[in-house]
Amino acid sequence: MTSPLTRTQDGEGRTAVAVQLAGLRRVYGPVVALDGLDLTIGPGELIALLGPSGCGKTTTLRLLAGLEDADAGQITVAGQDMTHLPASKRDMGMVFQAYSLFPHLTVRQNVAFGLRLRRVHAAKRDQRAIEMLELVGLSTQADRYPHQISGGQQQRVALARALAIEPQVLLLDEPLSALDAKVRAQLRDQIRRIQLEVGITTLFVTHDQEEALAIADRVGVMREGRIEQLASPTEVYSRPATAFVAEFVGLTNRLAGTVSGGTVTVRGRDLPLVDRSTPAGPVTALVRPEAVTLASDSSGESGPLVGTVIASTFLGATSRVTVDLGDTTILAQLSTSDATALPAGSRVALMIRPDPVLVAVDAPAVSEE
Amino acid sequence: MAVATTTETGARPVRAGRRLSLPAWVGTVPFLGYVGVFLLLPTGIVLFHAFQNQSGGFSLSGLKVLGDSTVRGFFVGSAELAAVTSVIGAVLGAILAYAVASGNPDGVVRRLYLAASGVLAQFGGVTLAFAFLATVGPTGLLLHASWFYDFPQGIGLIYVYFQIPLMVLVFMPAIDGLKVQWREACENLGGSAWQYWLHVGGPLLAPAFLGATLLLFANGLSAFATIWAWENQIAYTVPQQISIALSSEVGLANANESAVLALGMVIMVVIVMTGYVLLQRRAARWLR
Amino acid sequence: MAAVTSLGESSLTAPAKGRRGMQAGRRRRLNLFRYLVFTAFGLFFILPLLATARFSLEGSQLGTWSVAAWKQIVSYPGPPPLLSSVEITLELAVITSGVVLVLLVPTMIWIQLRVQWIGRVFEFLCLLPLTIPAIVLVVGLAPIYNFIRHYQLSALQLFWAYVILALPYAYRALSAGLGAMDVTTLSEAARSLGANWFTVIVRVIAPNMRQAILNAMLLTSALVLGEFTIAYLLLYNNLQVNLYFISRATPNAAVIFSTSLGALIFAFVLLLILSYVGRRRARG
């Protein structure tokens, strides 16, 4: 059964479309923003492009929207080549990071704007606008002006406006970045809920990995104009394809280790490898803080896995504890109650959970932007 | 070490043994005093003389001269000149402002045009009249315009010369205030460039544009030096007549005519400026 | 956006149309419009200046060239000699700028820090001169200046009125500079380190407003250089008044044009320098 929100004017359900980006290239003078990017978004799928500023994620979105021209490559939506179609003819809905709404129009008029451009009759326009506002939960604010509502509400209106025209694709350009942390979390879940309900193919751009992991069907981690890994959130997190992905998504400890056989030896422990075929030799192992457990150590011995707590960062339900191992420091993530039992100065013994570990061969520091 | 703190009322704290406590607004007295003597007092004097009769008492008889058709002609002339040059200046200035604003914000062109506008908006008066005399006057280099001494064309052309830069200065912030996201959102929702200007850009700029036009109108009403250098025998406008009246009033006890004319001018300008301020506020809400 | 030549396509990708994309086309049309506009307006604004320049270089015979008019700026006899009115006007510019700053800067800072409720009144008063034009103001100033003239002081007394004329422009320039910093925090920090109010204003806040202060000074000076109305109707002699009387005596005297152009170039160069100075400070 199709949702009433995907029903077109003649009552038929609208099916979600696939989006294909092939070999996209974009340069600004000497700077290569996108370098032959390939991406396929399945029908109804939400893909999040994640990466540091300058990685090309916003450029990708804007090329898809038609707000910028590609220097090379092809854009296909629902089998139709859109590479040379102007933005106004691409039938996509976009939510911007800031200043989305037209300040001189009410919320209702904003949402109805796209329909007005399409010469939809006033009554139908209004009906659809209210429908959309109910979808985002703001029908009571219909006659307010943008400056009279909060940032989070403005973005919801922007979403309603983008969906009102029944676009084929939904584009979100860091829609939550300008909002408060609490609003961000609520709104992000709401966006995902609406996206699933409407079933629209969506591209979501963000630099916040928590956002990307929370709502996406697949996450594309980008760096310097290329996608380093495109996979489900769990996979990107626990099986990062490159050191950059491992370090950008979530926190990571970098520990010296040696590879031999199918395992890497880190501080006297053997840990399985993500990539069994890694050649033997010295490497830097990337270990997640939550894979490190601490226990109070009163034995007085020293060893590769014994150290002193330096500091604790309180994060709410969990805490991040920094431990000094003599030759390096390591981060462990514990429940707060466990962490309070180990104040600064306590001697602790570490255990590393035997999860498969990614290693960077021969690792001089992988620089993050 | 004790740190001086401010009290709730903003009064300066008492330092032991040194100063007495004064309310903070005393700090603005020099300014208020200066403005009082050199701005408010003269304005008061104008009002006072306007309502004075021959023997020095209060009377509205002086205002009767406002009903005189010659005098009304001065006001109509002023309004006509101001209206024509403000509208032309506003439209042309808006086009120029858009051309400058749509370029590189840090570029040479913008800086040049803004500096030029800053200077040319003040480049009025005697020097400007002579410059135009040199260009299109009877012995002008570009052409000998027979209409140079006609009212309002001849002087109007000169007025436009400083109205346009003033428009650029006043209106450009509004154009800068148009966020690129609005253009892109409109495009994304299916709008063409024409539709953007019709439904979004135009309405958003309208208050600022109208307000700026009013400012140009007030500017056109108030200008004196330019038109005096252009023509000082025949008065077409109120400022010219004020000057003629003032010089004929020297030595006379009753400075009435010039004061009444001045009062009339002030009323006109106040109405226009009120409109400007209200429109500015609307524009600022959207475009800041 | 910089124009970039299309790079070679790989065999895997379909070729794009390179620089003939929609946005690029729009950009091109916009640039064409801009250059047309700049040329048209540039001509309009330059021509009178060129004519002024040509007339300023006019020799004693029509059609000849001579720099005599420029030399006359300092030598034209008058009476009174042109040079003296140039000097007086320049001095007036300096004095007026100084008084405007001394009057406005401390007051504006003080208002921001301690008496914010006066702010609206203050702004109204500063912008009032836009509504009370010089031609009206002078009608009311005449009796006051009769009183001043009683003491036979020079045309420099005009500064009292000029400060008022400059208020709106100086106020806008200074309030932009003041708004760009957190006055309250800076002053509290300075006070907690032991500074008195004078130090706070002169040595903490004002140096951070350097560009705004320069801006205000230049706008004031440009105003004074071009002022005619009040000087003329109060029977004083400044630069513009002198030029006016020269023109009545000797119409089209070349020295009028050389002086005008000189003053204009002077003001323009100052404003241009200001815009560059400001930019460098912002980056530093």
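Residues numbered from 1 in each chain as written. Chains lettered and ligands numbered in written order. Predicted model: local features only at pLDDT ≥ 70, side-chain atom pairs only at ≥ 80, totals over all residues.

Student: Give a detailed account of the overall build of chain B, specifying residues and quantitative values.
Tutor: When helices and strands are counted, chain B shows 10 helices and zero strands. Counting helices and strands in the order they occur from the N terminus, chain B gives α-α-α-α-α-α-α-α-α-α. Residues counted as buried form 49% of the 288 residues belonging to chain B. When contacts within chain B are restricted to residue pairs at least 6 apart in sequence, those whose partners lie at least 24 apart make up 71%. (Helix = DSSP H or I, 4+ residues; strand = E, 2+ residues; numbered from the N terminus. Buried ≥ 20, exposed ≤ 12 C-beta atoms within 10 Å, placed from the backbone. Contact = placed C-beta atoms within 7 Å.)

Student: Tell me about the overall build of chain C, residues and numbers included.
Tutor: Of the regular secondary structure elements, chain C holds 12 helices and zero strands. Secondary structure of chain C in N-to-C order comes out as α-α-α-α-α-α-α-α-α-α-α-α. Taken across its 284 residues, chain C has 41% of its residues classed as buried.

Student: Kindly report on the packing of helix α3 (residues 82–114) of chain C against helix α9 (residues 210–226) of chain C, identifying the contributing residues and their values.
Tutor: All names here are of chain C. At a closest axis distance of 9 Å, the pairing of α3 and α9 adopts a crossing angle of 140°. Relative to α9, α3 is oriented oblique. Here the hand of the crossing between α3 and α9 comes out right-handed. Contacts between α3 and α9 involve T89, L92, A93, T96, S97, V100, L101 and V105 from the first element and I213, A216, M217, T220, S221, V224 and L225 from the second. Among the residues forming the contact of α3 with α9, the class breakdown is 10 nonpolar, five polar and no charged. (Axes fitted to C-alpha atoms, helices over the stretch in contact; angles between N-to-C directions. Parallel < 35°, antiparallel > 145°, perpendicular 65-115°, else oblique. Left-handed = near helix turned anticlockwise from the far one by under 90°. Nonpolar A, V, L, I, M, F, W, Y, C, P; charged D, E, K, R; others polar.)

Student: Tell me about the interface of chain B and chain A, and please be specific about residues and values.
Tutor: Across the boundary between the two partners, chain B contributes 17 residues, which contact 19 residues of chain A. Among the secondary structure elements, those contributing two or more residues to the side of chain B that touches chain A are α6 (180–188), α7 (193–222) and α10 (256–287) of chain B. For the side of chain B that touches chain A, the element with the highest residue contribution is α6(B), accounting for six residues. Residues of the side of chain B that touches chain A, tallied by class, amount to seven nonpolar, six polar and four charged.

Student: So, the sheet that holds strand β17 (residues 318–324) of chain A: which residues are in play, and what are the values?
Tutor: All names here are of chain A. Strand order across the open sheet formed by five strands is β15-β19-β16-β17-β18, with antiparallel pairing between neighbours. Two strands bound the open sheet, and with one partner strand each, they are β15 (292–296) and β18 (329–335). Between one strand axis and the next, the sheet turns through 45° on average, direction left out of account. Across three bridges, strand β16 (residues 306–314) lies against strand β19 (residues 347–352) in antiparallel orientation. Bridging across to β19, G307 finds its partner in V348. (Pairing = 2+ DSSP bridges.)

Student: Report on the interface of chain C and chain B, specifying residues and quantitative values.
Tutor: Between chain C and chain B, the contact holds 63 residues from the first and 62 residues from the second. Sort the elements by how many residues they give to the side of chain C that touches chain B and helix α1 (residues 22–56) of chain C lands first, with 14 residues. Class assignment for the residues of the side of chain C that touches chain B results in 47 nonpolar, 12 polar and four charged.

Student: Describe in detail the packing of helix α7 (residues 183–192) of chain C against helix α8 (residues 197–205) of chain C, supporting the description with residues and values.
Tutor: Residues and elements named next belong to chain C. Interaxial distance between α7 and α8 falls to 10 Å at its minimum, and their mutual angle equals 120°. As far as their axial angle goes, α8 and α7 are oblique. The handedness of the crossing between α7 and α8 comes out as right-handed. Packed against α7, whose contacting residues are V183, L186, S187, A190 and R191, the element α8 presents T199, V200, V204 and I205 at the interface.

Student: Lay out unusual backbone geometry with the relevant residues and their values.
Tutor: For residues that are not glycine, phi is negative in most cases, and the peptide bond is trans in most cases. The step from F151(B) to P152(B) runs through a cis peptide bond, and the omega angle for that step is 0°. As for its placement among the helices and strands, P152(B) is situated in the loop between α4 (125–136) and α5 (153–176). Unlike most non-glycine residues, R119(A) shows phi in positive territory, near 60°. Looking at the element boundaries, R119(A) is found in the loop between α2 (107–117) and α3 (122–135).

Student: Let's hear about the sheet that holds strand β9 (residues 218–223) of chain A: which residues, and what values?
Tutor: All names here are of chain A. Spatial ordering of the open sheet is given by β6-β7-β8-β3-β9-β10, a layout of six strands whose pairing is mixed. Of all the strands in the sheet, just β6 (92–95) and β10 (226–231) have a single pairing partner and so form its edges. On average, each strand axis in the sheet is inclined to that of its neighbour by 20°, with strand direction left out of account. Relative to strand β8 (residues 201–206), strand β7 (residues 169–173) runs parallel, the two sharing five bridges. Paired with D173 across the strands is V205, a residue of β8.

Student: Quick one: what's the story with the environment of V87(B), residue by residue and with numbers?
Tutor: Within the secondary structure, V87(B) sits in helix α2 (residues 69–101). As for V87(B) and G27(B), which are separated by 60 residues in sequence, their C-alpha atoms are 43 Å apart.

Student: So what about the pairing of β18(A)? Which residues, and what values?
Tutor: Residues and elements named next belong to chain A. When β17 meets β18, the two strands line up antiparallel, connected through seven bridges. Counterpart to R320 in the pairing with β18 is Q333. Taken together, β17 and the strand that follows it, β18, pair antiparallel across an intervening segment of four residues, in which G326 is found at a positive phi of about 95°.

Student: Can you tell me about the confidence of the model for chain B, naming the residues and giving the values?
Tutor: All names here are of chain B. Of all residues in chain B, 87% attain a pLDDT of 70 or more, and the chain-wide mean is 83. Highest mean pLDDT in chain B belongs to α6 (94); lowest belongs to helix α3 (residues 108–122) (75). Across residues 1–17 the pLDDT falls below 50, and counting only partners more than four positions away or on other chains, this stretch makes 15 contacts in the model. (pLDDT = per-residue confidence, 0-100.)

Student: Outline the environment of F51(B), listing residues and values.
Tutor: Relative to the assigned elements, F51(B) resides in the loop between α1 (29–50) and α2. Along the sequence, F51(B) and T226(B) sit 175 residues apart, while their C-alpha atoms lie 30 Å from each other.

Student: Give me the nonpolar core: which residues, what numbers.
Tutor: Of all hydrophobic cores here, the largest spans 277 residues; its most connected members are M167(B), F171(B) and A170(C). Ranked by residue count, the leading element in this core is α5(B), at 15 residues. When residues are assigned to domains, this core turns out to be shared by domain 1 (4–243) and domain 2 (256–361) of chain A, each giving three or more. Setting aside anything within four residues of it in sequence, one finds M167(B) in contact with G89(B), A90(B), G93(B), A94(B), A97(B), A212(B) and L216(B). (Core = buried A, V, L, I, M, F, W, Y, C linked by C-beta atoms within 7 Å. Domains from an automatic or database assignment.)

Student: A description of the confidence of the model for chain C should follow, citing residues and the corresponding values.
Tutor: All names here are of chain C. Per-residue confidence for chain C averages 81 on the pLDDT scale, and 89% of its residues sit at or above 70. Confidence, expressed as mean pLDDT per element, reaches its minimum in chain C at helix α12 (residues 254–283) with 75 and its maximum at helix α10 (residues 229–233) with 91. For residues 1–19, every residue scores under 50 in pLDDT, and the model assigns this stretch 31 contacts once sequence neighbours within four places are set aside. Note on the complex model: pTM 0.81, ipTM 0.80.

Student: I'd love a proper account of the environment of A225(B), names of residues and values included.
Tutor: Residue and element names in this part refer to chain B. Locating A225 in the fold gives a position in helix α8 (residues 225–230). On the neighbour-count criterion, A225 (26 C-beta atoms within 10 Å) is buried. Along the primary structure A225 and H144 are separated by 81 residues, whereas in three dimensions their C-alpha atoms are 23 Å apart.

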